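The residues making up each chain are set out below.
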Amino acid sequence: MQANRYENRIVTLPNALSLLRILMIPVFVWLYCAKKAYHWSAAVVVATGLTDVLDGILARKLHMESNVGRVLDPLADKLAQAALCIVMMFRYPVMLWVLIFLAVKEVILAALGYAYMKRTGVIADARWYGKASSVVLYATMVALMLSPDITAYSANVLIALLAGTHAVSLLLYAVFYIRALRNPAHVPGAAMRPIDWQVMVMYLLLMLSFFLLMFTSGESFLRDVLPKPIYLFLRFASIVGTLGVPAFFLGEKLPRKWFHPDRFPFRSFAWEKDGKIYEKIGIQWWKNRTPDMSKYIRRAFPKQGNLLRDPDHLRKLVVETCSAEFVHWVLILLSPLFAILMDELGVLAMILYIIGNLVSLVIQRYNRPRIMKIIQRIEKRKCADS
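What counts and how
Residues numbered from 1 in each chain as written. Predicted model: local features only at pLDDT ≥ 70, side-chain atom pairs only at ≥ 80, totals over all residues. Heavy atoms only, no water. Patch = residues over 30% accessible without salt bridge, like charges linked within 9 Å, V, L, I, M, F, W, Y side chains within 5 Å. Areas by Shrake-Rupley, 256 points an atom, 1.4 Å probe, with all protein chains shown as cover. Salt bridge = Lys/Arg side-chain N within 4 Å of Asp/Glu carboxyl O. Buried < 20%, exposed > 50% of the residue type's maximum accessible area, 1.4 Å probe, protein only. 1 Å grid on protein atoms, 1.4 Å probe; cavity = no way out; pocket = protein on both sides within 12 Å on 5 of 7 lines; lining within 4 Å. Points joined across faces, edges and corners; volume = space filled by probe spheres on them. Nonpolar A, V, L, I, M, F, W, Y, C, P; charged D, E, K, R; others polar. Phe/Tyr/Trp six-rings, centres within 6.5 Å; stacked < 30°, edge-to-face > 60°. Lys NZ or Arg CZ within 6 Å of the ring centre and 35° of its normal. Helix = DSSP H or I, 4+ residues; strand = E, 2+ residues; numbered from the N terminus. Contact = heavy atoms within 4.5 Å. Polar contact = N/O pair within 3.5 Å; in protein donor to acceptor, adjacent residues only side chain to side chain. Core = buried A, V, L, I, M, F, W, Y, C linked by side-chain atoms within 4.5 Å. Expected span 1.5 Å × (residues − 1). Bend = angle between axes of the 7 residues up to and from the residue. Axes fitted to C-alpha atoms, helices over the stretch in contact; angles between N-to-C directions. Parallel < 35°, antiparallel > 145°, perpendicular 65-115°, else oblique. Left-handed = near helix turned anticlockwise from the far one by under 90°.

## What about a nonpolar patch on the surface?
Then, number 1: There is a patch of nonpolar side chains on the surface, built from Val94, Leu96, Trp97, Ile100, Val104 and Ile108 and spanning about 540 Å² of accessible area.
Then, number 2: With relative accessibility at 38%, the residue Leu96 sits in the partly exposed group.

## Comments concerning the layout of surface pockets
One way to see where empty space is left: roll a probe the size of a water molecule over the atoms.
Then, number 1: The space that makes up the second largest pocket amounts to roughly 960 Å³.
Then, number 2: Split by residue class, the lining of the second largest pocket holds 20 nonpolar, 10 polar and 13 charged.

## Observations regarding the packing of aromatic side chains
Then, number 1: Using the criterion set out here, one finds 17 aromatic pairs in the structure.
Then, number 2: Judged by centre distance (5.3 Å) and plane angle (65 degrees), the ring pair of Phe176 and Tyr177 falls under edge-to-face. Just as Phe176 is buried, Tyr177 falls in that class too.
Then, number 3: Connected via pairs of aromatic rings, a cluster forms that spans Tyr116, Trp128, Tyr129, Tyr173, Phe176, Tyr177 and Tyr203.
Then, number 4: The ring of Phe176 is capped by Arg127, whose NZ or CZ atom sits 4.2 Å from the centre of that ring.

## Quick look at the environment of Thr51
Then, number 1: Within the element layout of this structure, Thr51 appears in helix 2 (residues 38-61).
Then, number 2: By relative accessible area, Thr51 is classed as buried at 9%.
Then, number 3: Sequence-wise, Thr51 and Arg21 are 30 residues apart; in three dimensions their C-alpha atoms are separated by 6.8 Å.
Then, number 4: Beyond its immediate sequence surroundings of up to four residues, Thr51 is in contact with Leu17, Leu20, Arg21 and Met24.
Then, number 5: A distance of 2.6 Å separates a polar side-chain atom of Thr51 from the backbone oxygen of Thr48.

## Comments concerning the nonpolar core
Then, number 1: Of all hydrophobic cores here, the largest spans 33 residues; its most connected members are Met141 and Met145.
Then, number 2: Within the residue set of this core, elements represented by two or more residues are helix 1 (13-34), helix 2, helix 3 (67-89), helix 4 (95-120), helix 5 (128-146) and helix 6 (152-182).
Then, number 3: Counting residues in hydrophobic clusters, the runner-up holds 24 residues, among them Val122, Leu170, Tyr173 and Met200.

## Structural notes on helix 1
Then, number 1: The terminal C-alpha atoms of helix 1, which comprises 22 residues, lie 31 Å apart, in line with the 32 Å expected from a rise of 1.5 Å per residue.
Then, number 2: Taking the largest bend as the criterion, helix 1 deviates by roughly 25 degrees, centred on Met24, and proline Pro26 comes between one and four positions later.
Then, number 3: Those residues of helix 1 that fall on the buried side of the exposure criterion are Pro14, Asn15, Leu17, Ser18, Arg21, Ile22, Met24, Ile25, Phe28, Leu31 and Tyr32.
Then, number 4: Looking one or two places after helix 1, you find Lys36, whose phi comes out positive at around 55 degrees.

## Structural notes on the packing of helix 11 (residues 311-334) against helix 13 (residues 346-385)
Then, number 1: Packing of helix 11 against helix 13 leaves a shortest axis separation of 9 Å and a crossing angle of 160 degrees. As the angle between them shows, helix 11 and helix 13 are arranged roughly antiparallel. Here the hand of the crossing between helix 11 and helix 13 comes out left-handed.
Then, number 2: Classifying every residue of the contact of helix 11 with helix 13 gives 18 nonpolar, five polar and six charged.

## Description of the side chain of Asp77
Then, number 1: One can find Asp77 in helix 3.
Then, number 2: Taking relative accessible area as the criterion, Asp77 reaches 4% and is therefore assigned buried.
Then, number 3: Excluding residues that lie within four positions of it along the chain, Asp77 makes contacts with Arg21, Asp52, Lys131 and Tyr138.

## Topic: the pattern of salt bridges
Then, number 1: One pass over the structure, following the stated rule, counts 11 salt bridges.
Then, number 2: For the salt bridge of Arg21 with Asp77, the shortest nitrogen-to-oxygen distance reads 3.0 Å. Here the residue Arg21 occupies a position in helix 1, and Asp77 occupies one in helix 3, the gap between them amounting to 56 residues.
Then, number 3: Residue classification places Arg21 among the buried residues on the basis of a relative accessible area of 0%.
Then, number 4: Taking the shortest distance from any N to any O, the salt bridge between Arg315 and Glu379 comes out at 2.2 Å.

Next comes the structure, spelled out in structure tokens:
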């Protein structure tokens, strides 16, 4: 591995962006408090958030990670976030409690980070959940600035979402550091790993879905300001995301030993005729039009390996079809939430959601016996060749 020649440098482009982020704090305070220029202050906050993202990308792409940057970057974040909370506190007093919580969080993480550094000699990089909580904070502040007449309900929803993401961040950071302190030899590589952007995006989609779910409920009904079709679509999409994203992570985390293709309910029943029964309902048409998420999500199990006729890959793929089927059954069982949460067209939304999951479920039951037959043919061929 090539040595990082910027490791001990102070002057680097990413560090300059972190310093710029600190210098933008008084500009934002002046625009918001003195000039009452809410749109310009929101623009400065957006620029601050972009520099937060950009300095990390440049540090990795240009191999400019430095020990100073690992301290300066989070320091700039915390100063900017504290300034935002203090300024918004005068309009929304509940922000005082958020500020106290963020201060406690940083003290805890600083103590854990220092203990980790003393134990391993490594300064841990930012994790995806830390960056995600920062994105939510900046987005919340911009929303509050651009909507000075927002209802108390809507403001409280935004602030609760902000606090919730930081609580999740604290929990995940604590778990990371505690595991690292218990097994330091296994963690430095993970500590230096780049942010898992795909997981972060999935997490932010969950937050966005929950945000839409709250903003189409209660006193902030969007139905009063949006055309009904758009309102219903947002309501439907918010429920889909709130159920679907956790289901994806559930499918990723469940132990694979739970899923056996020869056991109930995953084994093929006699009436299915090894999946051929589904060809009568045009499953091939649906199969060819269902997107393969493994092409877009790195953490998902790759499906293309079956073209290589690798038996080990195919066995794992069979287990993945069982896991996917289980997740779709769970989503079908949760589908009555559409009828409960959508006061208009809820039953229709529930039926459409069930149909969509049934199609995906049937595809798994159609593919599984076909893949198992391919495995049997490969093994017979290998036995014959030997």
